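Reading the structure
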Amino acid sequence: PRPATPAPRRSAARGAAVAAPRLRGSLAAVPLPTAAPRPLTGILGQAGVGSKRAKASGVSAPLSPPPFPTVIVYNQSKHATQSVLADIRAVWGDRVRVIQTLEEGKQRLPNMDGALYVKPKSWGNMEHFAQRLDALCSQDHGLHLHRSQRKVVFM
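Notes on the structure in this doc start here. (Residues numbered from 1 in each chain as written. Predicted model: local features only at pLDDT ≥ 70, side-chain atom pairs only at ≥ 80, totals over all residues. Heavy atoms only, no water.)

Quick look at helix α3 (residues 126-139)
- Between the first and last C-alpha of α3 there are 20 Å, a value that for 14 residues agrees with the 20 Å anticipated at 1.5 Å per step.
- Buried within α3 are the following residues: His-128, Phe-129, Leu-133, Leu-136 and Cys-137.
- Along its buried surface, α3 packs onto β3 (70-74), β4 (97-103), β5 (114-118), α4 (141-148) and β6 (152-154).
- Two to three positions downstream of the cap, the backbone nitrogen of Glu-127 sits 3.3 Å from a side-chain oxygen, assigning the N-cap of α3 to Asn-125. (Helix = DSSP H or I, 4+ residues; strand = E, 2+ residues; numbered from the N terminus. Expected span 1.5 Å × (residues − 1). Buried < 20%, exposed > 50% of the residue type's maximum accessible area, 1.4 Å probe, protein only. Contact = heavy atoms within 4.5 Å. Polar contact = N/O pair within 3.5 Å; in protein donor to acceptor, adjacent residues only side chain to side chain.)

Here it is as structure tokens:
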């Protein structure tokens, strides 16, 4: 069943019928800003001045050390996982260890450093994932060390 179309509103200025916008779900109409946008100001309050952190770095991502030494990719999509892996390898090469989460019986993607296997049809079950991650950490001491130091990121 389609929702009923609201009755047209009358404009007070013209007296003409104006069609009301159709809204779906819980979205509401948001008024557009009428003032001109202000220029961006940096840390010193001057227009066009960037942040202090961006200026101090001066090193591009491929030259800087990776922010995390280990990445665990948790995604059912082979294509999305391959895309994440390609991006990581393009920027940091082999300096980041990438572990793929996949169902038991499936083969990991080429260029992956490891695999964390979960039961078939258990995607979204975080208790099961935590058990499997704990089991992998008991066998892989490098992963255990990075995890205890909070140097593992999930993508």
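Considering the pairing of β4
- Judged by how many residues are buried, β4 sits mostly within the fold: six of seven residues are covered.
- With five bridges connecting them, β3 and β4 associate as parallel partners. Paired with Val-73 across the strands is Gln-100, a residue of β4.
- Between the parallel elements β3 and β4, the chain passes through helix α2 (residues 78-92) in a crossover that is right-handed.
- Bridge count between β4 and β5: five bridges; the pairing is parallel. Following the sheet pairing, Glu-103 is matched in β5 by Val-118. (Pairing = 2+ DSSP bridges. Right-handed = clockwise from strand over helix to strand, strands pointing away.)

Focus on unusual backbone geometry
- Although it is not a glycine, Lys-121 adopts a positive phi angle of roughly 65 degrees.
- Inspection of the secondary structure assignment puts Lys-121 in the loop between β5 and α3.
- The exposed category is assigned to Lys-121, whose relative accessible area is 79%.
- Positive phi is not limited to glycine here, since Arg-150 has a value of about 60 degrees.
- Positionally, Arg-150 belongs in the loop between α4 and β6.

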